[in-house]
Amino acid sequence: MKILKQNIKFSDLPIAEQKSEIEWDAIHWKEIFKNEEAWKDCTHNDYRKQAKMVLIADEDIDYKKYSLIELKDGRRKWVRFDDIENEAENERLRIY
């Protein structure tokens, strides 16, 4: 695994990657708020708005920044900074 770019803010990611991150985080927020009365009537779009707001608010936190890595097989992948070690271990164990 090789790191091609690092310390990239959420707002500097390619649009497709931003959308993907928003979707993943929206699912995360939906799980967190599933038992909260105030969130009972929220749509998936409401969760996406929440996710985007938090991703933008947190983009200056170092461990929440992104890196572009290249795997041994040539595939490139954007990962959060704190996931780089996991990706290296997955590649070592051939778990993709």
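Here the structure is shown first, and the text comes after it.
Quick look at the structure, then. Here the structure is a predicted model, which is why all the values come from computation and not from measurement. All chains use their own residue numbering, which begins from 1 and follows the written sequence. Only residues with pLDDT of at least 70 get local features here, since the model is predicted, and only at 80 or more are side-chain atom pairs given and counted; chain-wide, interface and lining totals rely on the full set of residues. Where side-chain values are given, they derive from all heavy atoms of the structure, hydrogens and water being excluded.

The salt bridge criterion pairs a side-chain nitrogen of Lys or Arg with a carboxyl oxygen of Asp or Glu, the two atoms within 4 Å. Going through the model one piece at a time under the given rule, you end up with 12 salt bridges. For Lys64, the salt bridge identified is with Asp58, shortest N-O distance 3.1 Å. Throughout this description, buried means an accessible area under 20% of the type-specific maximum (1.4 Å probe, protein chains only), exposed means over 50%, and partly exposed covers the range between. Residue Lys64 is classed as partly exposed on the basis of its relative accessible area, which comes to 28%. In this structure Asp58 comes out as buried when scored by relative accessible area, which is 18%. Asp73 serves as the salt-bridge partner of Arg75, at 3.0 Å between the closest nitrogen and oxygen. A single salt-bridge network, built from bridges that share partners, covers Lys2, Glu70 and Arg76.

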